[in-house]
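Geometric and topological summary
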Amino acid sequence: MTGNCLKILTPISSSRPPLFSLLSKPTKTQFKTSSSFVLSVKMSYHKELAAAKKAASLAAQLCQALNSCSLSPLCKVQKVLLQSDVQSKSDKSPVTVADYGMLVVSGRAACSQALVTFVLERELPSEPFSLVAEEDSTDLRNDGATDTLERITKLVNETITSDGSYSVPTLSTEDVLKAIDSGKSEGGSAGRHWVLDPIDGTKGFVRGDQYVIALALLDEGKVVLGVLACPNLPLASICGDYHKSSNNEVGCLFYAEVGAGTYMQSLNGFFTCEGWYKSLPLKNSEEASFFESYEKAHSQHDLSSSIAKKLGVKAPPVRIDSQAKYGALSRGDGAIYMRFPREGYREKIWDHAAGCIVVTEAGGVVSDAAGNPLDFSKGKYLDLNVGIIVTNQKLMPKLLKAVKESLEEQSSSL
Ligand SMILES: Nc1ncnc2c1ncn2[C@@H]1O[C@H](COP(=O)(O)O)[C@@H](OP(=O)(O)O)[C@H]1O
Ligand SMILES: [Mg+2]
Ligand SMILES: [Mg+2]
Ligand SMILES: [Mg+2]
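Criteria and cut-off values
- Counting starts from 1 at the beginning of each chain's written sequence and moves along it residue by residue.
- As they are written, the chains are lettered A onward and the ligands numbered 1 onward, keeping that order.
- With the structure being a predicted model, the display of local features is reserved for residues of pLDDT at least 70 and the display and counting of side-chain atom pairs for 80 or more, all residues being used for whole-chain, interface and lining totals.
- The side-chain values count all of the structure's non-hydrogen atoms but skip hydrogen atoms and water molecules.
- Note: metal donors comprise N, O and S atoms at 2.8 Å or less from the metal (3.2 Å for Na, K and Ca); water molecules are not included, so apparent gaps in a site are possible.
- The way it works is that DSSP assigns letters per residue, a run of H or I at least four long becomes a helix, a run of E at least two long becomes a strand, and they are numbered from the N terminus.
- Burial classification: accessible surface area is computed with a 1.4 Å probe over protein chains only, and a residue below 20% of its type maximum counts as buried, one above 50% as exposed, and the rest as partly exposed.
- Among buried residues, the Ala, Val, Leu, Ile, Met, Phe, Trp, Tyr and Cys ones that are joined through side-chain atoms within 4.5 Å form a nonpolar core.
- Every residue pair with non-hydrogen atoms within 4.5 Å of one another is taken to be in contact.
- Each domain's extent is set by a domain assignment, obtained either automatically or from a database.
- As used here, buried area is the combined drop in accessible area, with a 1.4 Å probe, of two parts when they are placed together.
- Take a side-chain nitrogen of Lys or Arg and a carboxyl oxygen of Asp or Glu: if they are within 4 Å of each other, that pair is a salt bridge.
- Definition of a polar contact: a pair of N or O atoms within 3.5 Å, with one able to donate and the other able to accept a hydrogen when the atoms are protein atoms, and with sequence-neighbouring residues admitted only if both atoms are side-chain atoms.

Here we come to the coordination of the magnesium ion (ligand 4). Taken together, the protein donors to the magnesium ion (ligand 4) comprise Glu134 (OE), Asp197 (OD) and Ile199 (O), at separations of 2.0 to 2.2 Å. In this structure, the magnesium ion (ligand 4) is positioned 3.9 Å from the magnesium ion (ligand 2), and both are ligated by Glu134. Placement of the pair is Glu134 in the loop between strand S6 (131-133) and helix H5 (146-163) and Asp197 in strand S7 (residues 192-200), with a sequence separation of 63 residues. A relative accessible area of 29% means that Glu134 is categorised as partly exposed.

Written out as C-alpha cells, the structure reads:
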C-alpha cells in the first residue's frame with residue numbers, strides 16, 4: 001500500500017471521467033490482482049490534485065503577467081537579459097551576468113514559489129505541509145533587493161486578489177519571504193512532501209520560450225500526483241506540421257494522479273481543449289520524434305544523436321526547455337526524451353517528479369540510462385546511472401540497447 005492507494009496492480013478498466021469530475025467526485029478504478037480478483041479502489045488524492053492545479057495555474061498567470069508588463073522595470077531588465085550572456089553557478093544552473101538581473105530572475109521564481117505555497121496552505125489547511133522546492137529567499141533578503149521584494153509582494157497580492165477566492169489581509173514582504181522559505185524540506189521516504197520547481201526552464205523563460213511551473217506530491221517516497229503548467233506550450237502538437245495547425249492557442253495544464261491517467265486542459269480556463277491520455281503512441285523508432293534540452297550544457301546532444309542514429313530515427317531532434325518535454329511526450333507529440341547531463345551534475349527531484357508521473361500515467365516509461373526507475377525517496381537529489389530516458393513500452397528495450405552501445409562507444413573513445 002502507498003498511503004491509501006494500492007500499488008503494483010494493473011488497471012484493467014478506468015472509465016474516462018467526465019471533464020473535471022476528478023475535482024468534484026471520487027473516481028473508481030478497477031484493478032486486477034494476480035488472482036484475477038477485482039477490487040474497486042477509491043482514489044485518494046483528488047483534493048490535493050485540485051489544490052495543485054489551482055496553485056500551478058495561478059503561478060502560471062503570475063509568470064505570464066510578469067512577462068507581459070512591458071512597462072515594468074522588471075521587464076526592462078528582462079529585455080537586457082535576453083541579450084546578455086548567461087553564466088553558470090557552482091551547481092551549474094543558469095545565472096545571468098548582471099547581479100540585479102540575476103535577482104530579477106530568481107526573484108520571479110521565488111514569487112511563483114510564494115504563491116504556490118500560499119495556495120496549497122489555504123486549500124489544504126488540515127494537512128501537515130512539507131515542501132521541497134528549488135528557491136529560497138537569500139537573494140531577496142539582501143539590502144539591495146528591497147525594491148524587487150516590494151514589487152514581488154505587490155504582484156503576489158494582486159494575483160491573490162484577482163482570483164477572488166481568498167479573503168485574507170494583504171501579505172507583507174515578511175509573509176512572502178516566509179512563504180518562499182517554507183520550501184526547505186528535505187523530502188525523503190516517509191510521509192507526504194510537495195515537490196516544486198516554481199519556474200523550470202529558467203533559460204527558456206528568459207528567452208521567451210518554453211518554461212513550466214512543475215508541482216508534484218510524494219507519498220512514502222512515490223510520486224502520487226503531478227501538475228505541469230506550461231504557459232507557452234501550444235495546445236496543438238509541437239511536432240510535424242504543427243506550424244500549419246489552425247489552433248495556435250498556447251497554454252497547457254497537464255495533470256496526473258496515480259492510477260487515474262493523464263489529462264491536459266487549456267490553461268486559460270476556457271477549456272477549449274481537453275485531452276485524456278492512456279497510452280503513448282506505439283510508433284516505430286524510425287517514425288519517432290525525440291526531445292532533448294535546448295541547452296547543450298544540460299544534455300549531451302552528440303550522445304543522443306548517436307543513439308537516435310542507432311534507432312534509425314529520421315526526424316531531427318526537438319529541442320525545448322523545461323518539463324514541457326514530458327507534457328508534450330505524454331500527449332504523443334513525440335516518442336522519446338533523452339537527457340544526458342555532463343559528468344558531475346546531480347539531478348534534482350523538482351526537475352522530474354511532476355513530468356515523470358505525467359508520462360507514466362499516460363502509459364510511458366521513465367528510467368535512468370541503465371533501465372532503473374527513478375527513485376524520488378532519497379531527498380532532493382536523484383541518484384542516477386548516467387542519464388534519464390523516456391519512451392513508450394514498445395520502444396524501451398530498443399532504446400536501452402542503443403543507449404548502452406553508445407555509452408560504451410563513448411567511454412572507449414576517451
Ligand atoms: N549542467 C546541467 N546539466 C543538467 N541539468 C542542468 C544543468 N544546469 C541546470 N540544469 C537543470 O536543468 C533544468 C532545465 O532543464 P531543461 O534543460 O530540460 O530545460 C534547470 O531547471 P531550472 O531552470 O528550474 O533551474 C536546472 O535544474
Ligand atoms: Mg534553477
Ligand atoms: Mg528546473
Ligand atoms: Mg527552476
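Structure shown, so let's carry the discussion forward.
All right, on to the nonpolar core then. Val116, Trp194, Ile213 and Leu215 are the most contacted members of the largest nonpolar core, which has 52 residues in total. A per-element tally of this core places helix H2 (residues 46-68) first, with 11 residues. Once you skip the residues sitting within four places of it in the chain, Trp194 turns out to touch Glu48, Ala52, Leu120, Leu124, Phe129, Ser130, Leu131, Val132, Leu215, Ala216, Leu217 and Leu225. One finds Cys230, Leu233, Ala362 and Val390 within the second-largest nonpolar core, a separate group that totals 41 residues.

Bringing helix H10 (residues 353-360) into the picture now. Counting buried positions along H10 gives 7 out of 8 residues, so the element sits mostly inside the fold. All of the buried residues along H10 are Ala353, Ala354, Gly355, Cys356, Ile357, Val358 and Val359.

The domain boundaries assigned to the chain delineate domain 1 (6-277) and domain 2 (285-412). A buried area of about 3,100 Å², summed over both sides, lies between domain 1 and domain 2, and 65% of it is on carbon and sulfur atoms. Counting across the interface, domain 1 meets domain 2 through 3 salt bridges. Arg207 is paired through a salt bridge with Glu295; the nearest N and O atoms lie 2.6 Å apart. Run the count over domain 1 and domain 2 and you get 14 residue pairs in polar contact (both at pLDDT 80 or more). If you list the elements that add at least two residues to the side of domain 1 that touches domain 2, you get S6, S7, helix H7 (202-207), strand S8 (212-219), strand S9 (222-234), strand S10 (250-257) and strand S11 (262-266).

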